[in-house]
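The chain contents come next:
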Amino acid sequence: MSSARRFTADMLRRWGIAEDTRDSAVLIVSELVSNAARHGHADTTLFLTLNDCMLQIAVADSGAPVAHQHAHADSDPDEHGRGTGIVEFLAQWIEIHHSESGRQVHVGLRVADPQPC
């Protein structure tokens, strides 16, 4: 996970993305990669694309589909489930695609700084 965060921060810095947007993107990547590692149980790939002031983040894993899991009554609500809410709050849009070869989560994050646009 730390390599995905470092890669994202370094790439966005090179692209001239403002620090606040970069921080949001790194947080999104961290949550998506963590979820892929936790639920995908397989290889994970990170894609970053910048087009027309929209940063597109995609995380793909090759794990088998998993059913949506509800929190258990004995689990601490502060321990699980916040990551998805954070991603939904920060992102402009989210798409999730499931296939027999795995899962892909695509997120769009608006780039406020006009420099890279």
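Whatever comes next refers back to the structure up there.
Residues numbered from 1 in each chain as written. Predicted model: local features only at pLDDT ≥ 70, side-chain atom pairs only at ≥ 80, totals over all residues. Heavy atoms only, no water.

Caption draft 1: Looking closely at the overall build of the chain. When helices and strands are counted, the chain shows three helices and four strands. Walking the chain from its N terminus toward its C terminus, one meets helices and strands in the order α-α-β-β-α-β-β. Looking at the 117 residues of the chain, the share that counts as buried comes to 34%. (Helix = DSSP H or I, 4+ residues; strand = E, 2+ residues; numbered from the N terminus. Buried < 20%, exposed > 50% of the residue type's maximum accessible area, 1.4 Å probe, protein only.)

Caption draft 2: Looking closely at the nonpolar core. Among the nonpolar cores identified, the biggest contains 20 residues, and Ala25, Ile28, Val29, Leu32, Leu55, Ile57 and Val107 are the most heavily contacted of them. Of all the secondary-structure elements, those providing two or more residues to this core are helix 1 (2-14), helix 2 (19-40), strand 2 (54-61) and strand 4 (102-110). Top contributing element to this core by residue count: helix 2, with six residues. If we ignore the near neighbours within four places in the chain, the residues touching Val107 are Ile28, Leu32, Leu55, Gln56, Ile57, Val87, Ala91, Trp93 and Ile94. (Core = buried A, V, L, I, M, F, W, Y, C linked by side-chain atoms within 4.5 Å. Contact = heavy atoms within 4.5 Å.)

Caption draft 3: Structural context of the pairing of strand 3 (residues 93-99). Relative to strand 4, strand 3 is paired through seven bridges, and the arrangement is antiparallel. Bridge assignment links Glu95 to a residue of strand 4, and that residue is His106. (Pairing = 2+ DSSP bridges.)

Caption draft 4: Structural context of the sheet that holds strand 2. Within the open sheet, the four strands sit side by side as 1-2-4-3. Their pairing is antiparallel. The sheet is open, and its two edges are formed by strand 1 (44-51) and strand 3, each paired on a single side. Direction aside, the axes of adjacent strands within the sheet are offset by 15° on average. Relative to strand 2, strand 1 is paired through eight bridges, and the arrangement is antiparallel. Of the residues in strand 2, the one forming a bridge with Leu48 is Ile57. Most of the contacts of helix 1 go to strand 1, to which it runs at about 15°, and overall it touches strand 1 and strand 2. (Axes fitted to C-alpha atoms, helices over the stretch in contact; angles between N-to-C directions.)

Caption draft 5: Spatial organisation of helix 1. With 13 residues, helix 1 should cover 18 Å at 1.5 Å per step; its first-to-last C-alpha distance of 18 Å lies within 8% of that length. The complete set of buried residues in helix 1 reads Ala4, Thr8, Ala9, Met11 and Leu12. Looking one or two places after helix 1, you find Gly16, whose phi comes out positive at around 80°. (Expected span 1.5 Å × (residues − 1).)

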